[in-house]
Amino acid sequence: MGENKASEDTDRRIGRRALIVGGAAAAAGTAVLARDELARLWWRVPGVEKPREPGAVDFAGARWVAASEANWRRADRPDDYGVDMVIVHVTQGSFDSAVRAFQDPGHKASTHYIVGQDGRITQMIRELDVAYHAGNRDYNERSIGIEHEGFVDRPGDLTDEMYEASARLTARICARYDIPVDREHILGHVEVPGTDHTDPGPHWDWNRYLKLVRAARTAAPDTKALP
Ligand SMILES: [Zn+2]
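This one's a predicted model, so the numbers in the text were calculated from it and none came from an experiment.

J.: Explain the sheet that holds strand β8 (residues 186-188) here, please?
T.: Neighbouring strands of a sheet are bound in pairs by backbone hydrogen bonds; such pairs are parallel or else antiparallel. The sheet built from six strands is open, its strands ordered β1-β5-β4-β7-β3-β8 with mixed pairing. This sheet does not close on itself; its edge strands, each paired only once, are β1 (63-64) and β8. For β1 and strand β5 (residues 121-123), the ladder comprises two bridges, and the chain directions are parallel. Across the sheet, the residue bridging to Arg 63 is Thr 122, located in β5.

Take a look at the structure:
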């Protein structure tokens, strides 16, 4: 399950935005703006943020259900933060309970995707944005988080349908951001520095998963374009 210390996720990128906006403002001959004003204005600068369509998903076939805005941070990846990791989680609960948790502003955590035992995929946060799932700000900023429906101590929860659907999703993410399909870049929540979480647990079959991701990656080599 995702987790994060929200207080640590304060907006470091405003500094970088301020530089970008500052440059644009100077070019336009605008007087120097206070840092606070820059922080409020950055989103108005053309080209700084990609257009968004309500309900749009980053993976064809995913169903969109919005997470509470308290559980993620608006960003403009991969332009402001490069994406070079996929982090695998197991929900420790049902699919529906995970959806509800990420809709709950008090939960303070969420992942981009949830994959069900029947292979369905729900997207709750755009890949552009930073989801609070790894419990580590740097890892959150660099990664896409995927939850899988089940419990870490129940091997039967990890179904063929879930592995296959998740592998197609991860293959697509790896294609889009040029992420190598290996265990350096596709990792479990348990492997994130500083975490006390154990998911996806000892029954998650990494060899099988990476094999499926490689197969899906080869079957649809694809481009980095959005679907
Ligand atoms: Zn987790």
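Anyway, onward from the coordinates.
J.: What is the right way to read the nonpolar core from this model?
T.: Among soluble globular proteins, nonpolar side chains are generally buried collectively. By size, the foremost hydrophobic cluster in this structure holds 43 residues, and its most contacted members are Val 86, Val 115, Leu 169 and Val 213. Those elements that place two or more of their residues in this core are β3 (85-90), α3 (95-103), β4 (113-115), β6 (130-131), β7 (143-148), α5 (160-177) and α6 (206-219). If one sorts the elements of this core by residue count, α5 sits on top with eight residues. Residue contacts for Val 213: discarding those within four places in its chain leaves Ala 167, Thr 170, Ala 171, Cys 174, Val 181 and Ile 186.

J.: I would appreciate a short explanation of the pairing of β7 in the present structure.
T.: Where a strand is regular, its side chains alternate between the two sheet faces. Across the six residues that make up β7, a large majority, six, are buried. Of the two faces of β7, both are covered, the one formed by Ser 143, Gly 145 and Glu 147 as well as the one formed by Ile 144, Ile 146 and His 148. Bridge count between β3 and β7: six bridges; the pairing is parallel. Residue pairing for β7: Val 86 is matched across the bridge by Ile 144. In the sheet, β4 pairs with β7 via three bridges, with the strands oriented parallel. Residue pairing in the sheet places Tyr 113 in a bridge with Ile 146 of β7.

J.: What should I look at first to understand unusual backbone geometry in this one?
T.: Negative phi values dominate among residues other than glycine, just as trans dominates among peptide bonds. Cis geometry marks the peptide bond from Arg 77 to Pro 78; its omega dihedral reads 0°. Looking at the element boundaries, Pro 78 is found in the loop between β2 (72-73) and β3. With an omega of 10°, the peptide bond between Asp 199 and Pro 200 qualifies as cis. Along the chain, Pro 200 falls in the loop between β8 and α6. The backbone of Gln 92 sits at a positive phi, close to 60°, despite the residue not being glycine. Mapped onto the elements, Gln 92 comes out in the loop between β3 and α3. At Lys 108, a residue that is not glycine, the phi angle is positive and equals roughly 60°. Within the element layout of this structure, Lys 108 appears in the loop between α3 and β4.

Definitions and cut-offs
Residues numbered from 1 in each chain as written. Predicted model: local features only at pLDDT ≥ 70, side-chain atom pairs only at ≥ 80, totals over all residues. Pairing = 2+ DSSP bridges. Helix = DSSP H or I, 4+ residues; strand = E, 2+ residues; numbered from the N terminus. Core = buried A, V, L, I, M, F, W, Y, C linked by C-beta atoms within 7 Å. Buried ≥ 20, exposed ≤ 12 C-beta atoms within 10 Å, placed from the backbone. Contact = placed C-beta atoms within 7 Å.

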